[in-house]
Amino acid sequence: MDNKNLRIVVSGDICNNSLIWKTHPQCIQGLSWQDYPLVHHLIKPGEALLLSKLVALSTGATVLSPQIEDFEGCSPKDVLLSSVDLALFPLTAEEKDPHKVYRVKDYLGFTGPTSGILPKLFSMIDDDENADMVIIDDENNGFNSEEEFWPLALKAPGKTPIVIYKINNPDRSTKLWNQIETLHLDNTVVVINGDDLRSKGVNISRSLSWERTALDFVWQMNNNPDLNYLTKCHHLIVPFGLEGAIYYQNEGFPESHLYFLTYEIEGGFIKENQGKMYGLTSCFVAGLAHAIASGMRQNEELNKTIDEGIREGIVAAQKYFSQGFGENPEKTPFPNPAIFIEGENDFIYKEQIQDVLIRNSNNPNCQSCWYIIKDKSSTNLAEISYDIVKNGEKSALKFIPIARFGNLKVVDRTEIEGYRSIKNLIGEYVSAKNVVRPLSIAVFGTPGSGKSFGVAEVATSIAPKFIEKLNFNLSQFQNVLDLFRALHNVRDLALMGKIPLVFFDEFDSRFEGKLGWLKYFLAPMQDGVFREGDSVHPIGKAIFVFAGGTSSTYQEFSGEDIKDENEYKQFITEFQSAKGPDFISRLRGYVNILGPNQTDDQWDQLFIVRRAMLLRSLMERRVPHLINENGEAQIDSGVLRALLKVTRYKHEARSMEAILEMSTLNNAKKWEQSYLPSKEQLKLHVDEEQFSRLLMRDTFFSEKIEKLARDLNYKNITALSESLPNNLNPRKAWENLSEELKNSTRDQIRHIPSALQKVNYDLISVKEKPETIQFTNKELDILAKYEHKRRSLKEKEAGWKWGEQFDDQKKTDPSLTPWESLSSDAQNRIIENIKPWPEILAGSNFKIERLKFLCYCETHLTPVGNSTKKME
């Protein structure tokens, strides 16, 4: 069935849009009126009329819709009229882009009907009760209560069209919602814009992180009683800006998928200098309709076509915005058919849109540790981190959300949310008028974590022409006069029309007692003035950034992480005496900078990724000759492992930078182990013994492969001792093995470190024999499947194939079959072969250690048989 044979009905609320814009006369003949701008006026269809045009363009199907005759010159009486002011804006986000198109500058308002309250509605032309698809644009302007104007396919008994219900004011009490809920819910796709949900009081965060938006949505659907009726939807789509959407599906078991652009957050695509556009959600729906129509032709399941449709909708909406009304609204076709045609030079493709299943849990601990970076990758964080250093974050993280603020790149969700909160605050402050006080924010982190750099990049990414940085270290101030001099510098810069970005480093240092500087900032923060003698000086517009020196987190500074009750009471007494609560009340935000060290064993999972991002950045800036033409970093695997996995850098980022600078790399072609500084020098920045063992792990392990292979063979022989001949000595069984079987055992040993990664373990070389761990049934199952797959692949590459009998000559092996097809005896033999691993590794001074970047949920799962349950 071709799309042309599909019959799609589009109806809903009706509106015309009055476009108004100005130009200057091109031909001057000395007439007075030519001294003034030319005002242009054009009427274009809106709401359901615009949606029908978009759907016709996107699907190529026969589209039936209400029609208004001859409205190009003026809008018919009693039809709702929206007026918008147009202006020329850059085609792209670049301010200097010479290509301009018309977009909306201001929404001027509505001209209502002259003969009543309800705008005029129009009946369908050639309505068809057998329509394949019905698309409704419900703007809450009367259509949802006027049944006579509804499509026949919604009212005729026994009809089951696919319904796309676009609604901007969700309300279960309307007649139309009740009709759809009663008769068509199974085949209905409800589309509600995220901002429309928020306007109904649904608390979903905006522009912090995709994880936060997604988890807020799921929480609201699970817990908000006002959304109970929406939870019954079989298919609900909520677009968030032009950058993402959530697809909620409930066909007996509710689950939600997030669709997102990795390089943007909600609202990030449209910049302030680009204007606005109406009809964005309608264009999204048209893209969705195209995928559903194509799926109907192929008899595909609705949920699969919705998956494709969301991607097409996001792409179409972005292209629709970019095209605007064209260079000349009177001549450029609107809507432009090109928005639904994929071109070679498009700035966006549907393949760039990623999706991930949203974690569905009311446990705040479980929500806190959900990271898209972990769910989107089949590898663990260590392998992702190696890839970042080796190939760059653009290659390694192309499917992962990443935030960019100037030269700052962030992948850690916690940091992304903190930085974006600060960015939103600074953005609002910079654009505000008649500001009477500075914007005060705090930033915390260990020395060397990059506190000043991060906030400075965020601020200057907002208004680089206006923001100018000043830096003062309070620990170096001798008296209050030093502070006054600093504030005069701030004031002078503000009088020059700049917005000072003022860093007060180590604001929490001692002065006249603990936290002695705080009381001197209260008046400047609250009133925007400082008093010097009898003179009062206004500061003007400024951004105060208070960078902690003794407190590495806000929670430490405010005492929130003190568990002991008596200790907390003593802290609060001293904190109140130093005006700490008054100081905090004047802050408008804070961010904790995490740096390359792990801040918390349970919650800080992504420290190894932060290290990788920092290391790659340092190599690109300091030793670019070690990055080849393909973007691959030339670094020894042992050096890379040690730099990423050493427990702690004594001076955070400065230590990692120092190790690079202390290495003799100027003429090197690869960062080899021999180019590293000596142990004595390394001791300044890391635990040199641990660093060396991480560095040499491959060497240590290679040296022990023969011993480990012998020990594993001995353990397996001993386990079978009851069935062996009495004269066979297990210790000498290794010598009796064929070289082929010996090599097979050695090969298994070589792959143990990779296998352990699959169950979230690392292999560490230690001085003394460690305790022997015992694998759980779940871990043994995973390891056995991995080992079976590895061995099967190796045999197939060597020319072996499946056969009913093992035959060395014909190279047939009955075990060359999927794990599930193996007999239980064969499976158990593989499992029994793996059980001795911990013991033989411990015997060679290798410790099996749990990875340090597991989340709360992963570390709070205790195995029971072949399943897992959460620890209470």
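Keep in mind it's a predicted model, so treat the numbers as computed, not measured.

The rules behind the values
- Residues numbered from 1 in each chain as written.
- Predicted model: local features only at pLDDT ≥ 70, side-chain atom pairs only at ≥ 80, totals over all residues.
- Heavy atoms only, no water.
- Helix = DSSP H or I, 4+ residues; strand = E, 2+ residues; numbered from the N terminus.
- Contact = heavy atoms within 4.5 Å.
- Areas by Shrake-Rupley, 256 points an atom, 1.4 Å probe, with all protein chains shown as cover.
- Core = buried A, V, L, I, M, F, W, Y, C linked by side-chain atoms within 4.5 Å.
- Buried < 20%, exposed > 50% of the residue type's maximum accessible area, 1.4 Å probe, protein only.
- Pairing = 2+ DSSP bridges.
- Axes fitted to C-alpha atoms, helices over the stretch in contact; angles between N-to-C directions.
- Salt bridge = Lys/Arg side-chain N within 4 Å of Asp/Glu carboxyl O.
- pLDDT = per-residue confidence, 0-100.
- Expected span 1.5 Å × (residues − 1).
- Disulfide = S-S within 2.5 Å.
- Polar contact = N/O pair within 3.5 Å; in protein donor to acceptor, adjacent residues only side chain to side chain.

(A) View of the overall build of the protein. Helix and strand content of the protein: 32 helices and 26 strands. Seen along its three principal axes, the alpha-carbon backbone of the protein occupies a region of about 110 × 90 × 60 Å. Taking the intrachain contacts of the protein between residues at least 6 apart in sequence as the baseline, contacts between residues at least 24 apart amount to 72%. Carbon and sulfur atoms make up 48% of the accessible area of the protein, which totals about 41500 Å².

(B) Layout of the nonpolar core. One finds M133, I135, I237, I292 and Y320 to be the most contacted residues of the largest nonpolar core, which totals 55 residues. Ranked by residue count, the leading element in this core is helix 7 (residues 280-297), at ten residues. If we skip the residues at most four places from it in the chain, I135 touches I8, V9, V10, S11, L51, V55, I164, V285 and A289. Within the second largest apolar cluster, 46 residues are counted, among which are I373, I388, I400 and V411.

(C) Here's a closer look at the sheet that holds strand 22 (residues 589-592). Strand order across the open sheet formed by five strands is 17-18-21-16-22, with parallel pairing between neighbours. Every other strand in the sheet has two partners, leaving strand 17 (467-473) and strand 22 as the edge strands with one partner each. With strand direction ignored, the average angle separating the axes of adjacent strands in the sheet is 20°. Summarising the sheet, strand 16 (residues 439-444) and strand 21 (residues 543-547) pair through five bridges and their orientation is parallel. Within strand 21, the position partnered with A442 by the bridge is F546. Strands strand 16, strand 17, strand 18 (499-505), strand 21 and strand 22 of the sheet are contacted by helix 13 (residues 413-431), whose axis makes an angle of about 150° with strand 22. Of the strands in this sheet, strand 16, strand 18 and strand 21 are in contact with helix 16 (residues 518-527), which crosses strand 21 at around 150°.

(D) Expanded view of the pairing of strand 7 (residues 133-138). Within strand 7, six of the six residues are buried, which leaves the element mostly enclosed by the surrounding structure. On strand 7, burial covers both faces: M133, I135 and D137 on one face and V134, I136 and D138 on the other are all buried. Bridge analysis of strand 1 (residues 7-12) against strand 7 gives five bridges, and the strand direction is parallel. Its bridge partner lying in strand 7, V9 is registered against V134. Direction of pairing for strand 7 relative to strand 8 (residues 162-167): parallel, over a ladder of six bridges.

(E) View of the pairing of strand 16. Within strand 16, six of the six residues are buried, leaving the element largely enclosed by the surrounding structure. Neither face of strand 16 is exposed, since L439, I441 and V443 on one face and S440, A442 and F444 on the opposite face are all buried. Note: strand 16 against strand 22, four bridges, orientation parallel. Residue F444 lies in a different strand from strand 22, and its bridge partner there is N592.

(F) Local environment of the pattern of salt bridges. Evaluated as defined, the whole model comprises 43 salt bridges. We note a salt bridge from R610 to D412, for which the minimum N-O separation is 2.8 Å. Of this pair, R610 sits in helix 20 (residues 607-622) while D412 sits in the loop between strand 15 (408-410) and helix 13, and the two are 198 residues apart along the sequence. Judged by relative accessible area, R610 falls into the buried class, the value being 8%. A salt bridge links K715 to E839; its shortest N-O distance comes to 2.6 Å. Of the two residues, K715 sits in helix 25 (residues 697-719) while E839 sits in helix 31 (residues 837-843), which places them 124 residues apart along the sequence. Classification of K715 as partly exposed rests on a relative accessible area of 26%. Residue class for E839 comes out partly exposed when judged on its relative accessible area of 40%. Each of D195, R198, R206 and E266 takes part in salt bridges that share partners, so that together they form one network.

(G) Layout of the confidence of the model for the protein. Per-residue confidence for the protein gives a mean pLDDT of 87; residues scoring 70 or more make up 93%. Every residue in residues 861-872 is under pLDDT 50, and counting partners more than four places away or in other chains gives 19 contacts.

(H) Just helix 27 (residues 739-750), in detail. The end-to-end C-alpha distance of helix 27 is 16 Å, a good match for the 16 Å that twelve residues give at a rise of 1.5 Å each. Looking at the buried positions of helix 27, the neighbouring elements they touch are helix 25, helix 26 (733-736), helix 28 (752-758), helix 29 (777-797), helix 30 (824-834) and helix 31.

(I) The arrangement of the state of the cysteines in detail. Within this structure, the stated rule accounts for zero disulfides. In this model C283 remains outside any disulfide bridge; the closest cysteine sulfur is found in C15, 17 Å from its own.

(J) How the structure looks around helix 14 (residues 451-462). Under the 1.5 Å per step criterion, the end-to-end length of helix 14 is 18 Å for twelve residues, consistent within 8% with the ideal 16 Å. For helix 14, the set of buried residues is K451, S452, G454, V455, A456, E457, V458 and A459.

(K) Structural view of the environment of E139. Of note, E139 is situated in the loop between strand 7 and helix 2 (152-155). For E139, a relative accessible area of 17% puts it in the buried group. On a C-alpha basis, the gap between E139 and N169 in space is 6.9 Å, while along the polypeptide they are 30 residues apart. Not counting the four nearest positions on each side in its chain, E139 is found in contact with D13, E47, K166 and N168. Polar side-chain contacts of E139 include one of 2.7 Å to the side chain of K166.

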